[in-house]
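Examining the three-dimensional arrangement
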Amino acid sequence: MTSQPNSRQVVLAAIGMGSNLGDREAILLAAWHDLYLRAGINALRLSSPYLSAPLEMDSTNAFVNAVALVETTLEPLALLHILQDLEACHGRRRDPVKTGHQDRTLDLDLLFWDRLCLKSSELTLPHPHLHERLFVLAPLEELLPQWQHPLLRGKVSALFAQLRTQGTQYVERSSWSRDPGLYHSQRQ
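Structure report, in brief. (Residues numbered from 1 in each chain as written. Predicted model: local features only at pLDDT ≥ 70, side-chain atom pairs only at ≥ 80, totals over all residues. Heavy atoms only, no water.)

A tally of regular secondary structure across the chain gives four helices and eight strands. Its helices and strands in sequence order give the chain the pattern β-α-β-β-β-α-β-β-β-α-α-β, from N to C terminus. Burial statistics for the chain: of 188 residues in total, 46% are counted as buried. For the chain, the exposed area adds up to about 9,600 Å²; of that, 50% sits on carbon and sulfur atoms. (Helix = DSSP H or I, 4+ residues; strand = E, 2+ residues; numbered from the N terminus. Buried < 20%, exposed > 50% of the residue type's maximum accessible area, 1.4 Å probe, protein only. Areas by Shrake-Rupley, 256 points an atom, 1.4 Å probe, with all protein chains shown as cover.)

Here we take up the packing of aromatic side chains. Scanning the model with the defined rule gives one aromatic pair in all. Centre to centre, the rings of Phe-112 and Trp-147 are 4.1 Å apart; their planes meet at 10°, and the pair counts as stacked. Taken as a pair, Phe-112 in strand 5 (residues 107–113) and Trp-147 in the loop between helix 3 (134–143) and helix 4 (156–166) lie far apart in primary sequence, 35 residues in all. Like Phe-112, the residue Trp-147 is buried in the burial classification. (Phe/Tyr/Trp six-rings, centres within 6.5 Å; stacked < 30°, edge-to-face > 60°.)

Across the interface, helix 3 lies against helix 4 with an axial gap of 9 Å and an inter-helix angle of 140°. Compared by their axis directions, helix 3 and helix 4 come out oblique. Of the two elements, helix 3 crosses helix 4, and the hand of that crossing is left-handed. Contacts between helix 3 and helix 4 involve Leu-134, Leu-137, Ala-138, Leu-140 and Glu-141 from the former and Val-156, Ser-157, Leu-159, Phe-160, Leu-163 and Arg-164 from the latter. Along the lines of polarity and charge, the residues of the contact of helix 3 with helix 4 split into eight nonpolar, one polar and two charged. (Axes fitted to C-alpha atoms, helices over the stretch in contact; angles between N-to-C directions. Parallel < 35°, antiparallel > 145°, perpendicular 65-115°, else oblique. Left-handed = near helix turned anticlockwise from the far one by under 90°. Contact = heavy atoms within 4.5 Å. Nonpolar A, V, L, I, M, F, W, Y, C, P; charged D, E, K, R; others polar.)

Moving on, we come to the nonpolar core. Membership of the largest hydrophobic core comes to 33 residues, with the highest contact counts inside it found for Ile-15, Met-17, Leu-35, Leu-46 and Leu-110. Elements with a contribution of two residues or more to this core: strand 1 (11–19), helix 1 (24–37), strand 2 (41–46), strand 4 (63–72), helix 2 (76–89) and strand 5. Take this core: its biggest share by element is seven residues, from helix 1. (Core = buried A, V, L, I, M, F, W, Y, C linked by side-chain atoms within 4.5 Å.)

With that out of the way, let us pick up the pairing of strand 5. Across the seven residues of strand 5, six count as buried, placing the element largely inside the fold. Two strands pair when backbone bridges link them, and strand 1 and strand 5 are joined in this way by six bridges, in the antiparallel orientation. Directly across from Ala-13, in strand 5, lies its bridge partner Trp-113. (Pairing = 2+ DSSP bridges.)

Within the secondary structure, Ser-19 sits in strand 1. Classification of Ser-19 as buried rests on a relative accessible area of 0%. A distance of 3.3 Å separates the side chain of Ser-19 from the backbone oxygen of Leu-21, its partner in a polar contact. From its side chain, Ser-19 meets the backbone oxygen of Thr-105 in a polar contact 2.6 Å long. (Polar contact = N/O pair within 3.5 Å; in protein donor to acceptor, adjacent residues only side chain to side chain.)

Another aspect to go through is the environment of Gln-146. Positionally, Gln-146 belongs in the loop between helix 3 and helix 4. Counting along the chain gives eleven residues from Gln-146 to Ser-157, while the straight-line C-alpha distance between them is 6.6 Å. Ignoring anything within four residues of it in the chain, the contact list for Gln-146 reads Lys-155 and Ser-157. A polar side-chain atom of Gln-146 sits 2.9 Å from a polar atom in the side chain of Lys-155.

Further remarks concern the side chain of Arg-104. Tracing the backbone through its elements, the reader meets Arg-104 in the loop between helix 2 and strand 5. With a relative accessible area of 9%, Arg-104 lands in the buried category.

This part takes up helix 3. With eight of ten residues buried, helix 3 is to be regarded as a mostly interior element. Buried within helix 3 are the following residues: Leu-134, Phe-135, Val-136, Leu-137, Ala-138, Pro-139, Leu-140 and Leu-143.

Take a look at the structure:
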């Protein structure tokens, strides 16, 4: 769709985070900390946690969601593979027999990598459902209301307002029980 990214440049990326199994908040904060520790990633900001009902899946387990903003020198696929590794480290198991969305301890989605538009067998950027999920738009709107979707040309604030007025999804802003700001600064 667009040209390949230039290696070694520092870009802004957003990561959608979600959990609906176990100590959901603790899992998200641990994943945030793990992002901070990874080479090539500078963890910048973490949104508030947002409570949401499961969407497009049959489950009674509510989600805690957030968005993490990072600066990275990693290529998009390298960042995706780190996110998948972190999911596995935090107990995410994908049942190859089941289809559709499943309950999970940790879900990390690369929402965008700068303004790159990419479509491959492994990764689509921006995330193809970003604009359809209130649990993604609410925390993203908290952090970057003026970010403009490169394909839809709409700002996050407008996409969020439009989806919220439909009233078909539930999301509620909460607060962290402990301070995630511990990891906001650059590594020493």
